[in-house]
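Fold and contact review
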Amino acid sequence: MQHRSHITTVLAAVAVLAHIALAAVPQALSYVDPTTGFPTATQVLRGFEPPEQRWLSGHRGVDLALPVGGSVRAAGDGVVHFAGSVAGKPVVSIKHDDGIRTTYQPVFARVKKGDHVTEGDIIGTLAPSVDGYPGLHWGAVEGREDYIDPLGLLGEPVIRLKPVGGNARRRP
């Protein structure tokens with residue numbers, strides 16, 4: 001009987017420790033490609049090219065393929081931080097619970113400041129380019145002005161190699 005009581009005590013302690021350990025691990029926030037709603041980017045037209053200094057020019061986001069008029073989706077759950085025009089460009093930005101703010105341009109907004117959005121919700125449609133580059137410009141900012149590569153918010157793509165030509169032997 002004493003042996004059974006000891007096992008019960010050990011199992012209870014293990015359960016408590018497992019609960020504490022799992023509670024300490026932050027839950028990953030989910031982000032998706034704002035042009036498709038998929039967890040990985042599908043067509044990157046132009047990559048992230050941050051400037052060496054904040055005040056220098058650079059490409060502080062990525063350009064994703066999307067036709068003018070195409071639906072733009074919220075990359076993650078959050079609250080619309082801004083929906084309007086900046087220097088003649090229609091822009092939407094969303095503040096997420098992890099402190100990251102994602103930006104979308106040029107986008108004719110279907111949302112307004114303060115709206116709650118869920119990952120994949122349509123937030124607007126792609127407007128014609130105002131800078132000569134096609135597609136959706138998607139950015140991500142940590143804190144006030146620390147631009148990060150938004151592709152880092154997405155999962156890694158699965159790459160499968162297939163034989164060329166068809167003469168390759170297949171394993172059972």
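Right above here is the structure, for reference.
Attention in this report is confined to the structure presented alongside it. (Residues numbered from 1 in each chain as written. Predicted model: local features only at pLDDT ≥ 70, side-chain atom pairs only at ≥ 80, totals over all residues. Heavy atoms only, no water.)

Here L64 is to be found in strand β2 (residues 62-64). Between the C-alpha atoms of L64 and T42, which are 22 residues apart in sequence, the distance is 8.0 Å. Excluding its chain neighbours within four sequence positions, the residues that come into contact with L64 are D33, P34, T35, Q43, V44, L45, G135, L136 and W138. (Helix = DSSP H or I, 4+ residues; strand = E, 2+ residues; numbered from the N terminus. Contact = heavy atoms within 4.5 Å.)

A word on the layout of surface pockets. When its volume is computed, the largest pocket comes out at roughly 560 Å³. Along the wall of the largest pocket there are 25 residues; nearest its centre are K89, V91, T103, Q105 and H137. Going through the elements one at a time, β4 (78-86), β5 (89-95), β6 (100-105) and β10 (136-142) are the ones with two or more residues in the lining of the largest pocket. For the lining of the largest pocket, the per-class residue count stands at nine nonpolar, 10 polar and six charged. Taken as a whole, the second largest pocket spans an internal volume of roughly 170 Å³. (1 Å grid on protein atoms, 1.4 Å probe; cavity = no way out; pocket = protein on both sides within 12 Å on 5 of 7 lines; lining within 4 Å. Points joined across faces, edges and corners; volume = space filled by probe spheres on them. Nonpolar A, V, L, I, M, F, W, Y, C, P; charged D, E, K, R; others polar.)

With that out of the way, let us pick up the pattern of salt bridges. The final tally for this structure, using the stated rule, is two salt bridges. Note that R46 is salt-bridged to D63, the shortest N-O span being 3.9 Å. One end of the pair, R46, is in strand β1 (residues 44-46); the other, D63, is in strand β2, and 17 residues separate them in sequence. A residue is classified by how much of its surface remains accessible, and D63, at 4% relative accessible area, is buried. The closest approach of N and O atoms between K112 and D115, which form a salt bridge, is 3.2 Å. (Salt bridge = Lys/Arg side-chain N within 4 Å of Asp/Glu carboxyl O. Buried < 20%, exposed > 50% of the residue type's maximum accessible area, 1.4 Å probe, protein only.)

Let us look at unusual backbone geometry. Each neighbour pair has its own omega, and for Q105 with P106 the value is -15°, a cis peptide bond. Inspection of the secondary structure puts P106 in the loop between β6 and β7 (107-109). Phi angles above zero are rare outside glycine, and A87 is one such case at about 50°. With respect to the helices, strands and loops of the structure, A87 is situated in the loop between β4 and β5. For A87, a relative accessible area of 79% puts it in the exposed group.

The values reported here are purely geometric and, on their own, carry no functional implication.
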